[in-house]
Amino acid sequence: MRYEIIDLQIEDIMWFGIDNNGYIFECTSGGIGNVPEFVCKSREETERLSLFFLKELTSSTEAKLLCPEADNQLVKDAKLLASKGIYCFDVTNEKPHDENYKKIAEPLKSININDLPGNIIKILLTHKVDVDLTTSNYIDVVHAYA
């Protein structure tokens, strides 16, 4: 099933992708962030990736939090995912990146797409964004409904 434009306005979607080097990242849309077509095309794929990264993948490194410490689900998820080797981003309203994403947590040692099971690799290969996570603090994506 597809994410429709109304879904993007009322849901806080956690979605995953890979950068130019095959490193994995997570973005949280907050109901206002741009969500790319590769996410919108399949709610099932998006949910499968979330389940895998949150519940199935084990922690392998230390997490470095780049945002203020807070006792909320966003920060808890970011720390958990970063401890699994994943870069984490949240929607920002900072110009010129408004409606895109700012890095809020990063792993001390990142994992690569090649470290993952084949079924997850197959999905992520279609979720590539032109960015280098090791040097960029922002991810800018084209909205699926732009």
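Being a predicted model, the structure only gives us computed values, none of them experimental. (Residues numbered from 1 in each chain as written. Predicted model: local features only at pLDDT ≥ 70, side-chain atom pairs only at ≥ 80, totals over all residues. Heavy atoms only, no water.)

J.: What am I meant to see in the packing of aromatic side chains here?
T.: Where two aromatic rings form a pair, the distance of their centres and the angle of their planes describe that pair. Scanning the model with the defined rule gives 7 aromatic pairs in all. Summarising the aromatic geometry, the rings of tryptophan 15 and phenylalanine 25 are spaced 5.7 Å apart at their centres and angled 80° between planes, so their arrangement reads as edge-to-face. On the criterion of sequence distance, the pair formed by tryptophan 15 in strand 1 (residues 14-18) and phenylalanine 25 in strand 2 (residues 24-28) is long-range, its members being 10 residues apart. Of the residues examined, phenylalanine 25 reaches a relative accessible area of 0% and is grouped as buried. Ring pairing ties together the aromatic residues Trp15, Phe25, Phe38, Phe89 and Tyr101, which thus form one cluster. (Phe/Tyr/Trp six-rings, centres within 6.5 Å; stacked < 30°, edge-to-face > 60°. Helix = DSSP H or I, 4+ residues; strand = E, 2+ residues; numbered from the N terminus. Buried < 20%, exposed > 50% of the residue type's maximum accessible area, 1.4 Å probe, protein only.)

J.: Is there a simple way to think about the pairing of strand 4 (residues 87-91) in this case?
T.: Each regular strand carries side chains that alternate between the two faces of the sheet. Most of strand 4 sits out of view: 5 of its 5 residues are buried. With 4 bridges joining them, strand 2 and strand 4 adopt parallel strand pairing. For threonine 28, the partnering residue across the bridge sits in strand 4 and is aspartate 90. One ladder, built from 4 bridges, connects strand 4 with strand 5 (residues 101-107); its direction is antiparallel. Its bridge partner lying in strand 5, aspartate 90 is registered against lysine 102. (Pairing = 2+ DSSP bridges.)

J.: What is the right way to look at the pairing of strand 2 in this model?
T.: Here strand 2 lies mainly inside the structure; 5 of its 5 residues are buried. Along strand 2, one buried face is formed by Ile24, Glu26 and Thr28 and the opposite face, lined by Phe25 and Cys27, is buried too. Connecting strand 1 to the antiparallel partner strand 2 that follows it, the hairpin turn spans 5 residues, and glycine 22 within it adopts a positive phi of roughly 85°.

J.: I keep staring at the pattern of salt bridges and nothing clicks. Help me out?
T.: Between side chains of opposite charge, a pair can form when the charged atoms approach closely. In total, this model carries 7 salt bridges according to the counting rule given. A salt bridge links glutamate 37 to arginine 2; the shortest N-O distance between them is 2.8 Å. With glutamate 37 in helix 2 (residues 37-40) and arginine 2 in the segment before helix 1 (5-10), the pair connects residues that are 35 residues apart, well separated along the chain. Assessed through its relative accessible area of 38%, glutamate 37 is described here as partly exposed. With a relative accessible area of 28%, arginine 2 lands in the partly exposed category. Of the charged contacts, one joins glutamate 106 and lysine 64 as a salt bridge, the two residues approaching to 3.9 Å between their closest N and O atoms. Linking glutamate 106 in strand 5 with lysine 64 in strand 3 (residues 63-65), this pair joins segments that are 42 residues apart in sequence. A network of salt bridges, in which partner residues are shared, links Asp7, Glu11 and Arg43. (Salt bridge = Lys/Arg side-chain N within 4 Å of Asp/Glu carboxyl O.)

J.: For this particular structure, what's the right way to read helix 3 (residues 43-56)?
T.: What sets the pattern is the α-helix's 3.6 residues per turn: residues three or four places apart point alike. Taking 1.5 Å of rise per residue, the 14 residues of helix 3 would be expected to cover 20 Å, and the 19 Å separating its terminal C-alpha atoms lies within 8% of that figure. All of the buried residues in helix 3 are Arg43, Thr46, Leu49, Ser50, Phe52 and Phe53. (Expected span 1.5 Å × (residues − 1).)

J.: Whenever I open this one, the nonpolar core confuses me. Can you help?
T.: Nonpolar side chains in soluble globular proteins generally cluster together in the buried interior. Counting 24 residues, the largest nonpolar core has Phe16, Ile24, Phe53, Leu116 and Leu124 as its most contacted members. Counting residues per element, the ones that place at least two in this core are strand 1, helix 3, helix 4 (73-82), strand 5 and helix 5 (118-124). When sequence neighbours within four positions are dropped, the list of residues in contact with leucine 116 reads Ile24, Phe52, Phe53, Leu57, Ile111, Ile121 and Leu124. Within the second largest apolar cluster, 19 residues are counted, among which are Phe25, Val91, Val129 and Leu133. (Core = buried A, V, L, I, M, F, W, Y, C linked by side-chain atoms within 4.5 Å. Contact = heavy atoms within 4.5 Å.)

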